[in-house]
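Here are the chains, one letter per residue:
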Amino acid sequence: MTAPDATSSAVTAAPATSWRESLAVYLQPRVLIVLFLGFSSGLPLALSGSTLLVWMREAGVDLKTIGLFALVGTPYTLKFLWAPLVDALHVPLFTRAFGRRRGWLVFSQLLLIVSIVLLALTDPARSPFYVALGALLVATTSSTQDIVVDAFRVESLPESEQAAGMAAYVAAYRIGMLVSTAGALFIVSGFEGTGIPRQSAWMWGYVVMAAMVLIGTITALVATEPEQSMRAEAATQEESAFTRVLHAAIGAFSEFLSRKDALAALSFVVLFKFTDAFSGTMTAPFVIDLGFTRNDYAAIVKGVGLAATLIGGFAGGFVARRYSLATSLWIGGVVQALANLSFSWLAVVGTNQWALALAICAENFTSAIGTVIFVAYLSALCQNPLHTATQYALLTALAAVGRTYLSSGAGYVAETTGWALFFVICVLVAIPSLVLLAWLQRRGHFEALGPVRV
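Sequence positions are assigned chain by chain, starting from 1 and proceeding in written order. It should be noted that, the model being predicted, local features are given only for residues of pLDDT at least 70 and side-chain atom pairs only at 80 or more, the latter also being counted only at that level, while totals for whole chains, interfaces and linings use all residues. Side-chain figures throughout are based on the complete set of non-hydrogen atoms in the structure, without hydrogens or water.

Enquirer: Sorry if this is basic, but what is going on with the environment of T217 here?
Expert: Relative to the helices and strands, T217 is located in helix α12 (residues 214-222). Between the C-alpha atom of T217 and that of F36, which follows or precedes it by 181 residues, the distance is 9.5 Å. Contacts of T217, omitting those with residues within four sequence positions, involve V106, Q109 and I113. The numbering of helices and of strands both runs from the N terminus, where a helix is a DSSP run of H or I of at least 4 residues and a strand a run of E of at least 2. Residue contacts are defined here by distance: any two heavy atoms, one from each residue, within 4.5 Å place the two residues in contact.

Enquirer: Help me understand the nonpolar core in this model?
Expert: One broad trend across soluble globular proteins is that nonpolar side chains are buried collectively. Joining through side-chain atoms within 4.5 Å is the link that ties buried Ala, Val, Leu, Ile, Met, Phe, Trp, Tyr and Cys residues into a set, and such a set is a nonpolar core. Only protein chains enter the accessibility calculation, which uses a 1.4 Å probe; a residue whose area is less than 20% of its type maximum is buried, one above 50% is exposed, and one in between is partly exposed. Counting residues in each nonpolar core, the largest one holds 59 residues, and the members touching the most others are L52, Y206 and F422. Residue contributions to this core peak at seven residues, all from helix α16 (residues 274-290). Core analysis: the next-biggest nonpolar cluster, separate from the first, contains 57 residues, A168, L329, A393 and L436 among them.

Enquirer: Got a minute to help me understand the environment of S433 in this structure?
Expert: By secondary structure assignment, the location of S433 is in helix α24 (residues 431-442). Measuring from C-alpha to C-alpha, the distance between S433 and V270 comes to 8.5 Å, with 163 residues separating the pair along the chain. Every residue in contact with S433, bar those within four places of it in the chain, is listed here: F268, L271 and F272. We define a polar contact as two N or O atoms separated by no more than 3.5 Å, with the added condition that, inside protein, one atom must be a possible hydrogen donor and the other a possible acceptor, whereas residues neighbouring each other in sequence contribute only through side-chain atom pairs. A distance of 2.7 Å separates the side chain of S433 from the backbone oxygen of A430, its partner in a polar contact.

Enquirer: How should the environment of R174 be read in this particular structure?
Expert: Note that R174 resides in helix α10 (residues 159-193). A relative accessible area of 25% places R174 in the partly exposed class. A sequence separation of 133 residues divides R174 from S41, and the C-alpha atoms of the two residues are 9.4 Å apart. Apart from the residues within four sequence positions on either side, R174 is in contact with L306, T309 and L310.

Enquirer: Looking at this model, I keep getting lost on the packing of helix α8 (residues 100-120) against α12. Mind explaining?
Expert: The description of two helices packed together rests on the angle between their axes and the distance between the axes. Lines fitted to the C-alpha atoms define the axes, with helices restricted to the stretch that makes contact. Angles between their N-to-C directions range from 0 to 180 degrees. Where α8 contacts α12, the two axes come as close as 9 Å, and the packing angle between them is 160°. If you check the angle between α8 and α12, you find them roughly antiparallel. You can see that α8 and α12 cross each other, and the crossing is left-handed. Here R102, L105, V106, Q109 and I113 of α8 lie close against α12, whose contacting residues are L214, G216, T217, A220 and L221. Charged means Asp, Glu, Lys or Arg here, nonpolar means Ala, Val, Leu, Ile, Met, Phe, Trp, Tyr, Cys or Pro, and polar covers whatever is left, Gly included. When the residues that make up the contact of α8 with α12 are grouped by side-chain class, the tally is six nonpolar, three polar and one charged. With respect to orientation, any angle under 35 degrees is reported as roughly parallel, any angle over 145 as roughly antiparallel, any angle of 65 to 115 as roughly perpendicular, and every other angle as oblique. Working rule for handedness: look at the near helix, and if it is turned counterclockwise from the far one by less than a right angle, call the crossing left-handed; if clockwise, right-handed.

Next up, the structure:
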């Protein structure tokens, strides 16, 4: 993301256009390229997350171990450490053949395919360590691909197409996640329905997911190298690789830390989505434990949930346009926390598909509101276009701390308290972020960022 006045992540006032012109921008080749890359970015996240947790629970892995598997998301938290390397270094053979950005794209996607296949060959019931190692490899290659795709998107789209490109990317990202959750579960059920043993069905389901990464690889091959990337390459070709990495890293981090209340703002970034992360880690085991089938999970949690998420995204955009950034964050923070109570209610109701659909819709709708507003805030923090990629990688990595580390004990809490009380606790863990929000608001933090629009 870029500064608030950059249209790559924010939309400022623009001359009115006809609906034909508004639609035509989504059909531009550059925007379509970004759309398919969005699918490739969204696909692998669940393969080391929620889909893997369903596989593990069906294999009989206990809740404590499942909760600890949140730690395999560590690469999403630490990706800012190697983001400067992706910006500055060349990949032998790939960079020469495809260019600076496309070379990294193809390289990271091939590694991702290999990682998913290796994960497919593991057995959660017999070797959870190798499952964790495979999931860690998937998360590492996936987060590397995210770094490259973000940079490619910003550099390849002209100003007039940045907003459309971001919208296309987000929509395709969600579809990719749906394919690797609901789609993967239906594929596994289909294999199992033909008489293939459950473990083999899961293996082949993951192999199919690995093959789908080729959609992104083909997209990278047919795309053209961004002109901005070629100009940057030409401007820094006299510098050593070490110098390029050093300039990218030092500039991004020092600019952040020099701001007023920098540590408080970064702590808020870590905690704002923690309520979602804490409950989200246990959503799949919770649904399975209540007695819902794998197909119920796929159709309702991921199918109906996707619709609620997309609608919530539009609602979040309306809130962010209608109110100030601070007020919008209050709205998003409160509603995404209170939505956890719908799961407490579901725990009391039991196995009822309509109740599950209602709870999932409430949670996904409010979570999407919070996410859109949160992205607007992250965009506002990235105010130096020279360090946008590294800074945004840093912020999204910090945001992943809650999902990766702070939520790793969720399984222990759920096993101790029971499901109904667990989701009440998920509401309470939102309080520290709201306290920080009030403190930052009083300190004038949001006024200093200037007006922000989604």
